[in-house]
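A closer look at the structure
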Amino acid sequence: MFRSLSNQLTFIVGSLFLISAIALTQWYFYSSERFAHEVEQKLHRQLAEHIVHDDINLNQGIIDSTHLEHAFHTKMLLGSGWEFYALDPHGQVLAYSAPAGVVKLSSVDLAPIKQLISGNNLPVYGDDPRNPQLQKIFSAAEIHNQQGEVTGYLYVIIGGQKLDTLVAKLESSQVLKDNLLLLAFTLVFALLVMGFIVKTITKPIVKLNKRTQAYVNQDFENLKTDQQPLCAAKEIQDLEQSFILAAQHIKSQLSKIKTTDELRRELLSHISHDFNTPLAGLSGYLETWLISPDAQRSDELIKMALKNANQMNHLVEQLFELSRLKNGDIQFTPEPVNVVELTYDVIQRLKLQAEQQGVSLQVESEHSGLTVYADIGKLERILVNLIDNAIRHTEQAGQVKIKIQDKQDKVGLSVEDTGKGIPEAELKRIFEPKFQASNSEKTVQNHGLGLAIVQHLLKMHHSEIKVSSQTNIGSQFRFELPVGMR
C-alpha cells in the first residue's frame, strides 16, 4: 500500500496535516478559554473589593461566619456562578457560601491571591475549595481592621460549580455536535484535496519511471528525446533532462563496449588470417633447414625464415596500433615540429628500400624552416606509412615526391607517386583495414593496414587525408596541419 511515492507522500503529509489540525484546534480552544477567563477576571476583578467595602463588618475587619453566610446567600442571587469564601490571614477557610460537606479544602493557597492583588498579568488561577484538582479564576480583596492590619481575605470564585455543570451540558448539545461534524468533514475534504494534489505532482514521475523501464527493456535502444515534456514544472523537466542525459551516456558507453568487443573480434580475425601465411612460411623454411645438409642452402633458409618472422612482427605491431587507435588508448602530445627536417629523416630511413625497388625519392619545399603543431612520433608514422606505400606501388624507374607547402596558417603535405594508381571505384575503400586495390600485388609485406592507421592518426590531429589517383599514372595523398611557432 505504501510502496508508491504518492501513497507515502499522502500518508506523511496527511498525518502531519491531521496532527497540525488537532494541535491547532487544541491551541485555539485553549487560547480562547484563557482569553475568556482574562476578560471575565478583568470585569470582576474589583468584585471582592466592592463587597468588602459595602459590608459593614468586613469593612471594619470583622469576619462573622453567621453574618457572612447570610450576606453570601444574598450576593449569590446576583451572580449564581459566584462562590464566596472568607479566609483568615493564613488562608484558612472561615466561612463560605455552600452547603455543608461540599467544600473539600480547609485552606487556600495565598500566592495566587497576592499575585492578583499586586496587579500581575491576567488571568490568574487559584484553588477551588470544592474541587482540589481544579484551578479557577477569582476575585480577591484584603480585609483590614481599624488599625489597617490584614485580618483576612475575601475570596470569590467567578466561574463556580454551577457554571461547570452548565458547560458540561452544553458540550453535549446538538449545535456543538454539528460543529464537530463540520470540522471532521472539513478535515476529510482537505485530506482528499491534498491526496489529489500529491497524485497530480507525482504523476509525471510515474510516467518518467515507465519511460525508464521501457528504455531498459529495449536494451537501451530507441530513446526518444523529442517527446513532449512530462510536466510544466521546472524541477520535473530538469529531472527528465537528467534522465535523458544519463540514458545517452549509458548508450554511448554501451556503444563503446560493443565497439571494443567488435575490435577484439576483428583483431582476432586479422591475426588468425594474416598470421597464417608468415607462420606457414616460417615453419616451412625452418623444417627445410633442419633436414638440409647444405650449409649455403641453410643460410638462405635462415634468412627467409627471419624475413617471415620480421613480417609477422610488423603485422603484430600494425594490428595492435590500429586497435589502440580505434579504442582511443594512444596518448596525443602535440608540439612544434620542423616538418622539412622530419621528412628528410624519413626519406633517409626508406632510402635503401627505394633503391632496391629502383624508385627515386624527392622532397620539394619552399624553405627548410616550416614547422607544424603535431605529435612528432605520430607525424613520423604518417609519413613512413604514406612513403612506404608509395614505394611499394611504384614500379622500377618510378618516382615518389613529397611536397611541403606554406599556406600561411597551415602547412600542406602531399605524397605523390608514378605508380599503378587506384581504380576510381575503389578510392572510397582504400582506408578500410585489410582492403587492397584490385591492381596491387598481394604480398606478405602488404596487409592493407597502413592507410587505415594514417587516417586515424590524422584524425587525432584534427586533419583529414584526401586522395586522388589515375590508373597507370599515379596517386597523390595530401593533408594539412596547423603551423607551429615560426
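Notes on the structure in this doc start here. Not measured: the values here are computed from a predicted model.

Remarks on a nonpolar patch on the surface
- Taken together, Leu182, Phe185, Phe189, Val193, Phe196, Ile197 and Ile201 make up a surface patch of nonpolar side chains, about 750 Å² in accessible area.
- Tracing the backbone shows leucine 182 in helix α7 (residues 174-217).
- For leucine 182, a relative accessible area of 53% puts it in the exposed group.

Structural notes on the pairing of strand β4 (residues 135-144)
- With respect to burial, β4 is a largely interior element, seven of its 10 residues being buried.
- Judged from the three bridges that link them, strand β3 (residues 125-127) and β4 form a sheet pairing that is antiparallel. Among the inter-strand pairings, aspartate 127 is bridged to a residue of β4, identified as glutamine 135.
- Hairpin geometry of β4 and strand β5 (residues 150-157) is characterised by an intervening segment of five residues between the two adjacent antiparallel strands and by a positive phi of about 85 degrees at glycine 148.

Points about the sheet that holds β5
- Taken in spatial order, the five strands line up as β2-β1-β5-β4-β3 in an open sheet, and their pairing is antiparallel. The outermost strands of the open sheet, each flanked by one partner alone, are β2 (93-96) and β3. Strand-to-strand twist across the sheet, computed as the mean angle between neighbouring axes with direction ignored, equals 40 degrees.
- Judged from the five bridges that link them, strand β1 (residues 83-87) and β5 form a sheet pairing that is antiparallel. Its bridge partner being in β5, leucine 87 is matched across the sheet by tyrosine 153.
- Along the sheet, helix α2 (residues 47-54) contacts β1, β4 and β5; its crossing angle with β4, the most-contacted strand, is approximately 30 degrees.
- Strand contacts of helix α5 (residues 110-117): β1, β3, β4 and β5, with the helix running at about 75 degrees to β4, the strand carrying the most contacts.

Looking at unusual backbone geometry
- Here the amide bond leading from leucine 122 into proline 123 is cis, since omega sits at 0 degrees, within 30 degrees of zero.
- Examined against the element boundaries, proline 123 turns out to sit in the loop between α5 and β3.

Examining the pairing of β2
- Where β1 meets β2, three bridges bridge the pair, whose relative direction is antiparallel. Bridge assignment links alanine 86 to a residue of β2, and that residue is alanine 95.
- The hairpin formed by β1 and β2 contains five residues between the paired strands, and glycine 91 there has a positive phi angle of roughly 95 degrees.

Regarding the sheet that holds strand β10 (residues 410-417)
- Overall, mixed pairing links the five strands, which are arranged β7-β9-β10-β12-β11 in an open sheet. The open sheet has two edge strands with one neighbour each: β7 (360-365) and β11 (466-470). Adjacent strand axes in the sheet meet at a mean angle of 15 degrees when their direction is disregarded.
- Docked against the sheet, helix α11 (residues 339-357) engages β7, β9 (399-407) and β10, running at close to 170 degrees with respect to β7.
- Relative to the sheet, helix α12 (residues 376-392) contacts β7, β9, β10 and β12 (474-482), its axis offset from that of β12 by approximately 170 degrees.

The rules behind each value
- Residues numbered from 1 in each chain as written.
- Predicted model: local features only at pLDDT ≥ 70, side-chain atom pairs only at ≥ 80, totals over all residues.
- Heavy atoms only, no water.
- Patch = residues over 30% accessible without salt bridge, like charges linked within 9 Å, V, L, I, M, F, W, Y side chains within 5 Å.
- Areas by Shrake-Rupley, 256 points an atom, 1.4 Å probe, with all protein chains shown as cover.
- Salt bridge = Lys/Arg side-chain N within 4 Å of Asp/Glu carboxyl O.
- Helix = DSSP H or I, 4+ residues; strand = E, 2+ residues; numbered from the N terminus.
- Buried < 20%, exposed > 50% of the residue type's maximum accessible area, 1.4 Å probe, protein only.
- Pairing = 2+ DSSP bridges.
- Axes fitted to C-alpha atoms, helices over the stretch in contact; angles between N-to-C directions.
- Contact = heavy atoms within 4.5 Å.

The values reported here are purely geometric and, on their own, carry no functional implication.
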